[in-house]
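# Notes for the structure review
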Amino acid sequence: MSGSDSTFLAPFGDGSSVLERVLLAIIEAHTTPETEGRQQERLGTAMRALVGPVTERERQIKQAVRYMVRERQRDICEAELAAIPSSRTATAASARPIAQLAEAAARKVVGCSTPAELRAVARFLSQRYRLSAQTRPMEPDPITAALEEEAVGRILAELEEWGVSTRY
């Protein structure tokens, strides 16, 4: 199973994937007093066992893209506020270009220091940001959420048919 093109790893609105939700349901169903409070740790172990380890660099890239998303949203909000006629802000603000956000993320989050590394990582982050923007809904979509919940329900029902308990 490939991590980037699998529907099982496609993120829900809350950032979790179908696979993560199913595994977490199974983990929750099999939580004992000894393992209580360690569900996320157990989920991480299960995910690594199924899809392989996540490297520190991959973690940094995900954090950098999240940084870019937050900064972009902040820029857009500031630009919209500045566009309000009664706004106290005299200067018209605009959102920074994706390339500029990627460069800032490469410096601040990934820790790039050399110009060559900075350019390469910023280019990669720009691509990842654009890809994540295509798959990330701008607003919560109740229809998509309902379909995702239904998909998880069907997977859980199938697992129960095979004798895998997913309930408390």
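For the structure itself, consult the block above.
The structure displayed is predicted, hence computed values, not measured ones. (Residues numbered from 1 in each chain as written. Predicted model: local features only at pLDDT ≥ 70, side-chain atom pairs only at ≥ 80, totals over all residues. Heavy atoms only, no water.)

### Focus on the nonpolar core
The biggest cluster of nonpolar side chains holds 19 residues, and the ones touching the most others in it are Met 68, Ala 105, Ala 106, Val 110, Cys 112, Val 121 and Leu 125. At the level of elements, helix H3 (56-83), helix H4 (98-110) and helix H5 (115-135) are the ones that each hand at least two residues to this core. Per element, the largest residue contribution to this core is 7 residues, and it comes from H4. Setting aside its immediate chain neighbours within four residues, Ala 106 contacts Gly 111, Cys 112, Leu 118, Val 121, Ala 122 and Leu 125. Judged by nonpolar contacts, the second largest core, of 6 residues, contains Leu 23, Ile 27, Leu 43 and Ala 46. (Core = buried A, V, L, I, M, F, W, Y, C linked by side-chain atoms within 4.5 Å. Buried < 20%, exposed > 50% of the residue type's maximum accessible area, 1.4 Å probe, protein only. Helix = DSSP H or I, 4+ residues; strand = E, 2+ residues; numbered from the N terminus. Contact = heavy atoms within 4.5 Å.)

### Examining helix H1 (residues 18-29)
Spanning 12 residues, H1 covers 17 Å between terminal C-alpha atoms, matching the ideal 16 Å at 1.5 Å per step. Of the residues making up H1, those classed as buried are Val 18, Leu 19, Val 22, Leu 23, Ala 25, Ile 27 and Ala 29. (Expected span 1.5 Å × (residues − 1).)

### Side note on a positive patch on the surface
On the surface, Lys 62, Arg 66, Arg 70 and Arg 128 cluster together into a patch of positive charge. Broken down by element, the residue count for the positive patch peaks at 3 residues, all from H3. With respect to the helices, strands and loops of the structure, Arg 66 is situated in helix H3. Taking the relative accessible area as the measure of exposure, Arg 66 reaches 45% and is therefore partly exposed. (Patch = residues over 30% accessible without salt bridge, like charges linked within 9 Å, V, L, I, M, F, W, Y side chains within 5 Å. Areas by Shrake-Rupley, 256 points an atom, 1.4 Å probe, with all protein chains shown as cover. Salt bridge = Lys/Arg side-chain N within 4 Å of Asp/Glu carboxyl O. Lys, Arg positive; Asp, Glu negative; His and termini not counted. Charge placed at Lys NZ, Arg CZ, Asp CG, Glu CD.)

### Concerning the side chain of Thr 35
Secondary-structure assignment places Thr 35 in the loop between H1 and helix H2 (39-51). Overall, the relative accessible area of 16% leaves Thr 35 in the buried class. Once residues within four sequence positions are removed from consideration, Thr 35 is found in contact with His 30 and Arg 42.

### Topic: the side chain of Gln 60
Position of Gln 60 among the secondary structure elements: in helix H3. Residue class for Gln 60 comes out buried when judged on its relative accessible area of 17%. Sequence-distant contacts of Gln 60, defined by excluding residues within four places in its chain, comprise Val 109 and Val 110.

### With respect to H2
Taking 1.5 Å of rise per residue, 13 residues should cover 18 Å, and H2 covers 18 Å from first to last C-alpha, within 8% of that figure. Looking at H2, one finds that the buried residues are Gln 39, Arg 42, Leu 43, Ala 46 and Met 47. For H2, the angular spread of buried residues about the axis comes to 135 degrees, placing them on one side. Contacts made by the buried residues of H2 are with H1. Following H2 by one or two positions, Gly 52 has its phi on the positive side, about 100 degrees. (Arc of directions from axis to C-beta.)

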